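Tertiary structure, described
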Amino acid sequence: MDADGQPRIYEPADTSLRSYHRAVWTLSVDGEPHGHLACVVLEMAWPRRAPWLWFLVVWPDGQKELPFEDYGPGWYTLREIDAGFLDYHLPSVTVGQRFLWRRASANKHGAPRRFELEKLAGEVVARRWDELGLRDEDF
């Protein structure tokens, strides 16, 4: 068990992980749509050929969050997805910061939120992938 009481090893609902590659879920709160979650399955260089899931949240206005990863044996994001939810945050905003004489900008996450997930199926996924302007390079 880890600090959250979760087993250290998780067996995904789809052990081949094929159903997660180029998958899209709707994000909603109390049935109200809030955006989409997209996923691709890649391979790690080490350990050799280990699966590596990358996720990207896209908000209704088209803003894309920075991609984030998940991998076994813990599969902490995949645990949530298989359970039908995602603990994430509301849209990030870019804030300007100043350090001494230099200006910089950074993304500041919105408030934490638990989103309900509904996986899109079949032709809807391919169409939504295009509508959201997703490319494998985004991940």
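What this report covers is the structure whose coordinates are included nearby. (Residues numbered from 1 in each chain as written. Predicted model: local features only at pLDDT ≥ 70, side-chain atom pairs only at ≥ 80, totals over all residues. Heavy atoms only, no water.)

With respect to the overall build of the protein chain
What counts is decided by this rule: Helix numbers and strand numbers start at the N terminus; a helix is a DSSP run of H or I with at least 4 residues, a strand a run of E with at least 2. Burial classes follow relative accessibility: with a 1.4 Å probe on protein chains only, a residue under 20% of its type's maximum area counts as buried, one over 50% as exposed, and anything between as partly exposed. For the accessible areas, the method is Shrake-Rupley and the probe is 1.4 Å, while residue cover comes only from the protein chains on display. The positive count covers Lys and Arg only, the negative count covers Asp and Glu only, and His and the chain ends enter neither. Charge coordinates come from a single atom per side chain, which is NZ of Lys, CZ of Arg, CG of Asp or CD of Glu.
In terms of regular secondary structure, the protein chain is built from two helices and eight strands. Starting at the N terminus, the α and β elements of the protein chain follow one another as β-β-β-β-α-β-β-β-β-α. If you line up the protein chain on its principal axes, its C-alpha atoms span 50 × 35 × 30 Å. Evaluated residue by residue, the protein chain yields a buried proportion of 36% over its 139 residues. Summed over all atoms, the accessible surface of the protein chain reaches about 9,100 Å², with 53% contributed by carbon and sulfur. If the 17 positive side-chain charges of the protein chain are averaged to one point and the 22 negative ones to another, these points end up 7 Å apart.

Quick look at the side chain of Asp 14
Test applied: We count a salt bridge whenever a side-chain nitrogen from Lys or Arg sits within 4 Å of a carboxyl oxygen from Asp or Glu. Think of a polar contact as two N or O atoms within 3.5 Å of one another; within protein, one of them needs to be a possible hydrogen donor and the other a possible acceptor, and neighboring residues in sequence only count if both atoms come from side chains. Here, residues are in contact when the closest pair of their heavy atoms is within 4.5 Å.
By the secondary structure assignment, Asp 14 is in the segment before β1 (23-29). Put simply, Asp 14 is tucked away with no salt bridge, and the nearest opposite charge, on Lys 119, sits 6.4 Å away. A polar side-chain atom of Asp 14 sits 2.7 Å from a polar atom in the side chain of Ser 16. Not counting residues within four places of it along the chain, the set of residues in contact with Asp 14 comprises Ser 19 and Tyr 20.

Observations concerning the packing of aromatic side chains
The condition that has to hold: Centres within 6.5 Å make a pair out of two Phe, Tyr or Trp rings, where for Trp the six-membered ring is used; the pair is then stacked when the planes are under 30 degrees apart, edge-to-face when over 60, and tilted otherwise. Only when the NZ atom of a Lys or the CZ atom of an Arg is both within 6 Å of the ring centre and within 35 degrees of the ring normal do we say a charge sits over the ring.
Counted under the stated rule, the structure contains six aromatic pairs. Centre to centre, the rings of Phe 68 and Tyr 88 are 5.3 Å apart; their planes meet at 25°, and the pair counts as stacked. Separated by 20 residues along the polypeptide, Phe 68 in strand β4 (residues 68-70) and Tyr 88 in strand β5 (residues 85-89) bring together distant segments of the chain. The class for Phe 68 is buried, based on a relative accessible area of 18%. Overall, Tyr 88 belongs to the buried group, its relative accessible area being 14%. Sitting over the face of the ring of Phe 85, Arg 114 holds its NZ or CZ atom 3.8 Å from the ring centroid. Here the basic side chain of Lys 119 rests over the ring of Tyr 20, its NZ or CZ set 5.5 Å away from the ring centre.

Here's the deal with the pattern of salt bridges
When charged atoms on two side chains of opposite charge get close, those side chains can pair. Following the criterion strictly, the structure yields six salt bridges and no others. Among the salt bridges present, the one from Arg 114 reaches Asp 87, with a minimum N-O distance of 2.7 Å. Of this pair, Arg 114 sits in strand β8 (residues 112-119) while Asp 87 sits in strand β5, placing them 27 residues apart in sequence. Its relative accessible area of 48% is what places Arg 114 among the partly exposed residues. For the salt bridge of Asp 138 with Arg 135, the shortest nitrogen-to-oxygen distance reads 3.1 Å.

Focus on the sheet that holds β5
Counted only if it meets this: Pairing between strands requires that DSSP locate at least two bridges from one strand to the other. Fitted lines through C-alpha atoms give the axes, limited to the stretch in contact for helices. The angle between two N-to-C directions lies from 0 to 180 degrees.
An order of β4-β3-β2-β1-β8-β5 is seen for the six strands of this open sheet, with the pairing classed as antiparallel. With one partner strand each, in any of the chains shown, β4 and β5 form the two edges of the open sheet. Sheet twist, expressed as the mean angle between neighbouring strand axes with direction ignored, is 35°. Judged from the seven bridges that link them, β1 and strand β2 (residues 32-43) form a sheet pairing that is antiparallel. Within β2, the residue paired with Leu 27 across the bridge is Gly 35.

Without other data, these values stay purely geometric and don't point to any function.
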